[in-house]
Structure formats: structure tokens, C-alpha cells
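Examining the three-dimensional arrangement
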Amino acid sequence: MDMLHNLFLGMTVAFSLQNLLYAFIGCMVGTLIGVLPGIGPVATIAMLLPITFHLPPTAALIMLAGIYYGAAYGGSTTSILVNLPGESSSVVTCIDGYQMARKGRAGAALSISALGSFFAGTVGTLIIVMFAEPLTRMAQKFGPSDYCSLMALGLVAAVVLASGSVLKAIAMVFLGLLFGLVGTDVNTGAQRFTFDIPELSDGIDFAPIAMGLFGIAEIVVNLERKMSRSGAIKVDSLWPTREETRRAIPAVLRGTALGALLGVLPGGGPTLAAFSSYTLEKKISKTPSQFGKGAVEGVAAPESANNAAAQTSFIPMLTLGIPSNAVMALMVGAMIIQGIQPGPEVMTKKPDLFWGMIVSMWIGNLMLVIINLPLIGMWVKLLTVPYRFLAPAILLFCCIGAYSLQNSTFHVEQVAMFGVLGYIFSRLGCEGAPFLLGLVLGPQMEEYFRRAMLLSRGDPSVFVTRPISLGLLITTAALLILMALPSLRKAREEAFQEEET
Amino acid sequence: MNRFLSKDFLSGLMFIAFGLGALYFGRNLAPGTTVRMGPGYVPHMLSYIMCILGFIIAVIAVVRGSDPVETPRLKPIVMVTLGILVFSLLFERTGMFPALVALILIASAGGEEFKLLEVIGNIIVLTILCILVFKIGLSMNITVLNGVW
């Protein structure tokens, strides 16, 4: 009964005119950036963070969530029609989606991917509803040492599953933690790394860092490369044939299940889900030779998987306050800007926000089917907008947005500074996502660490004597040891190699 | 290619630099004891970890080698950064419009192609968009042109 009651509460919030409007704006913007290559959901959400500051919390989070899953939707359109993935999560869709389009089945591929995504999104939302309460109840039993260990596990897992060098990613996490320390120390009031700049005494604002590291650095890297565009394929009938439907349905089911599972894992999310489900389909298919030549399963499964994962990756963030990827770290940042501390308290103290956001995800998924299928022609036209128009527009939005945070040009200068830093990171092959996770979790982690040590009178064994904390630390250690095994390291490298080509 | 100009070696140096920098600027923060940690305890701990990790990364890079750093093309990053800084200088002194024009001109000059007509068109569209979104839509307190609007 409780679940129905909660859903009803969520519906009353999500169906208010204002929240419907922001869900719609989020889905539109998300689809737009999904279609446009060269700018991803992370950069867009970073860019729009300051704007959400001027909105009520529920509307802000609904809009940001809409951008996230809207981008996963929009990215598939360009993958299928022009063989250009708008998002990393739809890279695999290119392989078979574009081949289907060349065979004149573009419409069918688009509707299979849209309907599969809708189904997956619905299932993902239902999973959030079912697991949110038990997980939150579990999290409320956690003491400071348990929380500290949980965050360590979250950070390490995110690093292990991310691509690139593990050691560098770990160093980036620590660098993020270090940047998170800037500001006034909560316990003693001492100024740390503030360089006598009054604006820094409350800590470095999250939004300028995110905008600089992701928004600006992305623009610069794109400006260095020449972007080529190819002509789009015309879309005919949107209806898949009976044969295509028969093959798509089991693939959608498998993709949804795998995606939902991988979305919950720290470091998981849409991209990992899409790649894994494509590999799975190819392995179990009776006709693996058809993959790469326009196999329906190769579109249906990864598209469902990435959307299911986009939904379920909200679970650790909403219930435990632990972001599992860069987008979720930005959502945590958006909550903090609004004065909400993410964690198990969100559900008990702000049930309207919590359930409203979840119900709005389902509404958003429905909107996306409507936005995407009939308006496909309009989105394809947008593809012809050259990047040299987009780059200044993105820059401008970042600058005005950063200024509007506290009406101070200092924030704009911070954007410039972190833009340079982000550019250096990308040139050196250091990933921004682990940095962001460290930055978001840093202040909380220090707080829990100090509290745990105070409670145990300086005895660090508290981390291994409490069963929850011990279990989490053993899992963390196991992950690190697994990473060091040569065979696993090779498998991981191979998995990410496929992604790059 | 020089093995000291590799991505990993330079990353290692960068991490060490951040670690040493944090140690230097945090030298006045009291570490305290493990029971009552001072403001400096966690920063010092993190700084040491940064230095150690940076050192390991750099050593591995020298021993095993890693991808060389591509020579950066300085024009885009310099122009974009310059554009943002000029924007922040002008924004409060002259209002949004001049700052916007400067930013778009400088940033567009950082790209591959620069066609004046296109850039002017872009400025007009973006000015209208910014006024609609920020001034009217979100009713922010922004002056478009100082003393005028």
C-alpha cells in the first residue's frame, strides 16, 4: 500500500503544470544535445547547473534528469541516420543501426530503438520505486565509519569500471578530494587553501569547476578537430515488419535486464550497458554473422540497455547519496546548490521531491517517444548546424550562467581557470569524471572520517570491527586486487578498445 | 620520442606538483591528533598520497614508456580562455551586450573558419536568445547595456 501511496504523491507533484513543463524542456534540450555531436550530457548539465539555481528544487532536478535520459534517446537518432553517435552510449547503435538505415529500414530502426527505450525506461523507473525504500532503510543504519567505507567503495568501483589507466584515475580521485577541502574547515573554522579570497571561504563552487572541466575543455578539444558531416538518410515508414518485431522483443527484454543491472553498479551507466548488451546479443545469437550488417537485435538490445541503465543509475545517488558516474555527480552538485544534502534523508524529509522526480522520469520517457518519432525530420535538420555556431553559444551560456550564481565575475574567471586545467587533463589523458566524484564526496568523506575517528578515540580499527564497514572494505580491496590480476586487466583493456574504434 | 615527454610521466609530475603545492600552502594548518583532528590532518594526508601516487605513475611511465603527448595547438585554448576573461572584465563595467560581442568575436577567431557575416549573425541570434532566456525568462538582474537597458 505504501508504494501506491508514494506513487500517488509523486503523480500529484509530477503532473503539476510547472513540473510537466520542466520535464518537457529537459527532454527537448536532452534530445537536442543528443542529436548534436560534440557536446554530451555531462557538459550540458554542467552548463545548465547555474540556471537550475533559479528554479525550485523539484523542477530543477526533473529538468536535469530529462536532459540525461533525453540525450540517451537523441544520440540514437544520429547513430542510425548518419552513422555519427551523438553520445558515447549510442556508439554501438551505429554498427547495426546505420546498416539497417542503408537497407531502407531507417524508420523501423528508429521506432524499435524508441519503443525499446521507452519499455526499458518504464522498467527502470519501476525498479527505482521497488528498491528505493529498502535501500534507504538500510542506509539509515549506517554509522560514520560505514559511510566512509561505502564512499571508498563507490570511488574505487567507479575508477575500476572507467576506461583508461587505473592508477591515474585513482590519483584524479585524490586530487578531487583535495580540491573539495578548499574553504572553511567545518570543525575548527580555519581557512584552508582560500588564499585570502573571500569568495573561496565557502569552498570552491561546484558549478564553475564542472563547467570549466567539462564544458570549456570539451569545446576546445572539439575546436582543435575538424568535424565532418555526412548527409542524412531519408526516413520512410516508421513501422517495423512482423519479422523485425519478433526478433526485437526478446533482445529488448535482455537489454533491459542487463542495462538495469549495470546501471546500479558504481562506475556503470548507459555506455557500459550498451556495450555489454551488444556483446551479449552477438554471443547468444544463432546468426552472429548478421551483426554489423543490420541485425535488428544489435539496435534493440543496446538501445534498451542504455536507457534502462540511465534510469537505474539514479538508485545509488537517490538512496545513498553516492554518485556512480559523472552525470550523477552533477546531480548531487545540483542538489547541494539547492541546499539538499543527498542521502537517505532525501526520501524521508522531502518525499514530494523524491517521488515527484521518479514519476516524472516515466512521464519524460513517454514524452521522448512523442518528441522523437514524429519530429524526426526536424532533428535531422539540426545536424547541419556547424560547430562554429555552437561553440560560442555554449561558451556564452557558461559565462552568463557562472556569473548568475552569485552575481560575481570571480566565478566567470574560475570557469576560465578550470577550463585550462580541464584542457591539460584531457591532453595528459587524465579523466575528469573521477575528479568530479572525489570533489563531490570529499567534504562529506572528511566529515565522516573525522567523526568516526573521534567516536573510536583515534583507533582506526573501527573501520574493520564494524561488520558493515568491514564488508564494504573487503569488497573494495577485492576489486583492487582483481584489477591487478593480469588476465582481468587484459580483458578490461580489450573491452574498452572496442569502444574506441 | 623522448620518454620523459609522455602523457603518464607528465601526469605524474602534475600530481606531485599538486601534492607539494597543497603541502606548502597548507603548512600552517595544524594536523592535530588522530582523536581530535585539526584542519590540517586530512589535507596533509591527501598531499602525501598525491605525491606518492604521482611518483609511482612517473616511475612506471619512465620504465615502461607510455603514449607521447601530442603537440597542443595553442590557438583554441588561448582564444577561448582570453574570450572568457575579457567577458568577465566587461560584463559589470559595460553590460551584457559588449561583453557578449567580445566573447563571440574572440572565441570564433579561435576556430578553423572565421566568416565575419556568420559571426555577426551568430551575435544577433545569441543576443536575442540571452535576453529572452536570462533577462525575461529567468528574470535575472542583468543590464544589457550600461545606462541604456
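Described in the following lines is the structure provided in the data block. (Residues numbered from 1 in each chain as written. Chains lettered and ligands numbered in written order. Predicted model: local features only at pLDDT ≥ 70, side-chain atom pairs only at ≥ 80, totals over all residues. Heavy atoms only, no water.)

Residues and elements named next belong to chain A. Given a rise of 1.5 Å per residue, 26 residues ought to cover 38 Å, and the 37 Å separating the end C-alpha atoms of helix α4 (residues 57-82) matches this to within 8%. The axis of α4 is deflected most strongly, by about 25°, at Gly-70. Counted residue by residue, α4 has 25 buried out of 26 residues, so it is predominantly covered. (Helix = DSSP H or I, 4+ residues; strand = E, 2+ residues; numbered from the N terminus. Expected span 1.5 Å × (residues − 1). Bend = angle between axes of the 7 residues up to and from the residue. Buried < 20%, exposed > 50% of the residue type's maximum accessible area, 1.4 Å probe, protein only.)

What follows concerns the packing of helix α5 (residues 91-139) of chain A against helix α9 (residues 242-264) of chain A. Residue and element names in this part refer to chain A. Closest axis-to-axis distance for the α5/α9 pair is 9 Å, and the angle between their directions is 40°. Relative to α9, the element α5 is oriented oblique. Two packed elements cross with a definite hand, and for α5 against α9 that hand is right-handed. Contact with α5, carried on its side by Met-100, Arg-105, Ala-108, Ile-112, Gly-116, Phe-119, Ala-120, Val-123 and Ile-127, involves Glu-244, Ala-248, Val-252, Leu-253, Thr-256 and Ala-260 of α9 and no other residues of that element. Class assignment for the residues of the contact of α5 with α9 results in eleven nonpolar, two polar and two charged. (Axes fitted to C-alpha atoms, helices over the stretch in contact; angles between N-to-C directions. Parallel < 35°, antiparallel > 145°, perpendicular 65-115°, else oblique. Left-handed = near helix turned anticlockwise from the far one by under 90°. Contact = heavy atoms within 4.5 Å. Nonpolar A, V, L, I, M, F, W, Y, C, P; charged D, E, K, R; others polar.)

At a closest axis distance of 11 Å, the pairing of helix α7 (residues 166-180) of chain A and helix α1 (residues 7-25) of chain B adopts a crossing angle of 25°. Between α7(A) and α1(B), the interaxial angle falls into the category roughly parallel. By crossing handedness, the relation of α7(A) to α1(B) is classed as left-handed. Where α7(A) abuts α1(B), its residues A:Lys168, A:Ala171, A:Met172, A:Leu175, A:Leu178 and A:Phe179 lie against B:Lys7, B:Asp8, B:Ser11, B:Phe15, B:Phe18 and B:Ala22. Each residue belonging to the contact of α7(A) with α1(B) can be placed in one class, and the counts come to eight nonpolar, one polar and three charged.

This part covers the interface of chain A and chain B. Contacts between the two partners involve 61 residues from chain A, matched on the other side by 64 residues from chain B. Regarding the contact of chain A and chain B, the summed buried area is about 5,700 Å², with carbon and sulfur atoms giving 80% of it. Summed over the shared surface of chain A and chain B, the result is one salt bridge. Our count for the chain A to chain B interface comes out at six residue pairs in polar contact (both at pLDDT 80 or more). Contributing elements (two or more residues each) for the side of chain A that touches chain B: α7, β2 (191-192), α8 (206-224), α17 (387-406), α18 (409-427) and α19 (432-455) of chain A. With twelve residues, α18(A) is the largest single contributor of residues to the side of chain A that touches chain B. Its residues assigned to classes, the side of chain A that touches chain B comprises 40 nonpolar, nine polar and twelve charged. (Buried area = accessible area lost by both parts, 1.4 Å probe. Salt bridge = Lys/Arg side-chain N within 4 Å of Asp/Glu carboxyl O. Polar contact = N/O pair within 3.5 Å; in protein donor to acceptor, adjacent residues only side chain to side chain.)

Moving on: α17(A). Residue and element names in this part refer to chain A. With 20 residues, α17 ought to run about 28 Å at 1.5 Å a step, and its terminal C-alpha atoms sit 30 Å apart, in line with that. Counting buried positions along α17 gives 17 out of 20 residues, so the element sits mostly inside the fold. Asn-407 lies just past α17 and shows a positive phi near 50°.

Aromatic rings in a pair are described by how distant their centres are and how their planes are angled relative to each other. Applying the stated criterion across every chain yields a total of 16 aromatic pairs over all chains. For the pair A:Phe118 and A:Trp362, a centre-to-centre distance of 6.1 Å together with 45° between the ring planes defines the contact as tilted. Of this pair, A:Phe118 sits in helix α5 while A:Trp362 sits in helix α15 (residues 351-372), and the two are 244 residues apart along the sequence. A:Trp362 gets classed as partly exposed once you look at its relative accessible area, which sits at 32%. Ring centres of B:Tyr24 and B:Phe25 lie 5.1 Å apart, and the angle between their planes is 80°; this geometry places the pair in the edge-to-face category. When its relative accessible area of 47% is taken as the criterion, B:Phe25 is described as partly exposed. Aromatic rings pair up to connect A:Phe179, A:Phe418, A:Phe425, A:Phe435 and B:Phe18 into one cluster. For B:Arg27, the ring lying beneath its charged end belongs to B:Tyr24, and the centroid distance is 4.2 Å. (Phe/Tyr/Trp six-rings, centres within 6.5 Å; stacked < 30°, edge-to-face > 60°. Lys NZ or Arg CZ within 6 Å of the ring centre and 35° of its normal.)

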